[in-house]
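So you can see what is in the structure, the chains are spelled out below.
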Amino acid sequence: MSELRKDPITGRWVIISTDRRKRPHDFRLESVQILPDPSCPFCEGHELMTPREILSYRQQGSPNLPGWDVRVIPNQFPVLRVEGTLDRQGEGLFDRMNGIGAHEVVIESPRHDDSLATMSEAAVEQVLWACRERVRDLKQDRRFRYIIIFKNHGTAAGSSLDHPHSQLIALPIVPREVRDEVEGARAHYVVKERCVFCDVIRQETADGRRLIAETADMVALAPYAPRFPFETWIFPRRHEALFEDAPRQEIASLARLLGDMLRRMNRVLRNPPYNLLIHSAPLAEPSGDFYHWHVEIIPKLTKVAGFEWATGFYVNPTSPEEASQVLRDVRG
Ligand SMILES: [Zn+2]
Ligand SMILES: [Zn+2]
Ligand SMILES: [Zn+2]
């Protein structure tokens, strides 16, 4: 029997299709392979092949020279640009505005064949801290309403360069996926006067069936109604709406759990391509009481097809109880 399940935050329905039940070895897995690339612009020593850096953490050397651990640069082919005014206008039904925003690349390591799963905890912490620092800087620009941090790992997940990197895009609007979470969390708060994410954390840690791993500050779990097989969410235990306000200790704790989760996925799913994103509350909107920042990891194991496009809900062949058990039982 298949089962329809509703996500308690967004109200989004998914079908957990146990008839088509898939275990890790049933997926036609496409492992990520990092190939050497002598002309990679992100490698140490190739600093002059990229736009000038916005931020770097370095042991030695001056900006735009070797000696760095993490480097943030403007995207050479940005989807949105910083210069100009929003100039929002309507044409009857249709709204438009100029493509104002910021698009930055966080180069996570000077080494081409590194990954968040193989880097040291301290190195992953630096990457997360660089993201946090960039958000704190960009949010001073009042044109921006949201800043999304995401990572595409592997060609199948949309990455065009093998060198480990994340991206950060500041947007003049709040994206729909975030809006759905914010509105769902607000509705829950109106009725219960509690944060829905805190409620999920409390229930899942007590229940344990979908819990994967936890540290003193962080919890990793498979959501009750996941869109994708092995979809994993990581939450700080402490209620906080904004990622950029997380203290050092939580960022360090996240680095540890994130590396652990990615190593477990690599073991179970043989180095899968994946997308990773950080959801934080919209800028300049009072949502501190009911929104709760988090990380979502989505291994790329299935294709989004006609049914999903047509309905906006997803068929998932692996139950979160099974996924979390498999991830729980493997050592990272
Ligand atoms: Zn490289
Ligand atoms: Zn909360
Ligand atoms: Zn989210």
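In this text, all values refer to a predicted model and were calculated from it rather than measured experimentally.

Rules used in this analysis
- Residues numbered from 1 in each chain as written.
- Chains lettered and ligands numbered in written order.
- Predicted model: local features only at pLDDT ≥ 70, side-chain atom pairs only at ≥ 80, totals over all residues.
- Heavy atoms only, no water.
- Helix = DSSP H or I, 4+ residues; strand = E, 2+ residues; numbered from the N terminus.
- Contact = heavy atoms within 4.5 Å.
- Core = buried A, V, L, I, M, F, W, Y, C linked by side-chain atoms within 4.5 Å.
- Buried < 20%, exposed > 50% of the residue type's maximum accessible area, 1.4 Å probe, protein only.
- Donors = N, O, S within 2.8 Å, 3.2 Å for Na, K, Ca; no water.
- Tetrahedral: all angles 85-135°; square planar, octahedral: opposite > 155°, others 65-115°.
- Axes fitted to C-alpha atoms, helices over the stretch in contact; angles between N-to-C directions.
- Parallel < 35°, antiparallel > 145°, perpendicular 65-115°, else oblique.
- Nonpolar A, V, L, I, M, F, W, Y, C, P; charged D, E, K, R; others polar.

### Comments concerning the environment of Ala 222
- By the element assignment, Ala 222 lies in the loop between strand E11 (218–221) and strand E12 (232–236).
- When the C-alpha atoms of Ala 222 and Arg 209 are compared, they prove to be 9.0 Å apart, with 13 residues separating the residues in sequence.
- Excluding residues that lie within four positions of it along the chain, Ala 222 makes contacts with Glu 204, Arg 210, Ile 212, Glu 231, Pro 320 and Ser 324.

### Notes on the nonpolar core
- Ile 234, Leu 258 and Ile 297 are the most contacted members of the largest nonpolar core, which totals 55 residues.
- Here this core takes 10 residues from helix H4 (residues 248–269), the largest share from any one element.
- Other than its neighbours up to four places away in sequence, Ile 297 contacts Phe 230, Glu 231, Thr 232, Ile 234, Leu 258, Met 261, Leu 262, Met 265, Tyr 274, Asn 275 and Leu 276.
- Counting residues in each nonpolar core, the second largest holds 28 residues, with Val 174, Cys 195, Ile 201 and Ala 241 among its members.

### Examining the coordination of the zinc ion (ligand 2)
- Within the protein, the atoms that donate to the zinc ion (ligand 2) are Cys 195 (SG), Cys 198 (SG), His 239 (ND1) and His 292 (ND1), at distances of 2.0 to 2.3 Å.
- Seen from the zinc ion (ligand 2), its four donor atoms lie at angles of 105 to 115 degrees, and the figure they make is tetrahedral.
- Sequence spacing among the residues donating to the zinc ion (ligand 2) works out to C-x2-C-x40-H-x52-H. In this pair, Cys 195 sits in the loop between helix H2 (176–192) and helix H3 (196–207) while His 239 sits in the loop between E12 and H4, placing the two residues 44 residues apart along the sequence.
- By relative accessible area, which is 5% here, Cys 195 ends up buried.
- Note on His 239: relative accessible area 27%, which makes it partly exposed.

### Observations regarding the packing of H4 against helix H6 (residues 320–329)
- As a packed pair, H4 and H6 sit with axes 9 Å apart at the nearest point and diverge in direction by 105 degrees. Classified by the interaxial angle, the pair formed by H4 and H6 is roughly perpendicular. Facing Arg 264, Met 265 and Val 268 of H4, the residues of H6 in contact are Val 326, Leu 327 and Arg 328.
- Partitioning the contact of H4 with H6 into residue classes produces four nonpolar, no polar and two charged.

### Observations concerning the coordination of the zinc ion (ligand 3)
- Protein coordination of the zinc ion (ligand 3) is provided by Glu 181 (OE), His 279 (ND1), His 294 (NE2) and Glu 296 (OE), with donor distances spanning 1.9 to 2.0 Å.
- Angles of 101 to 121 degrees at the metal separate the four donor atoms of the zinc ion (ligand 3), which places the site in the tetrahedral class.
- Read N to C, the donor residues that coordinate the zinc ion (ligand 3) are spaced as E-x97-H-x14-H-x1-E. Placement of His 279 in strand E13 (residues 274–279) and of Glu 296 in strand E14 (residues 294–299) is noted, with a sequence separation of 17 residues between them.

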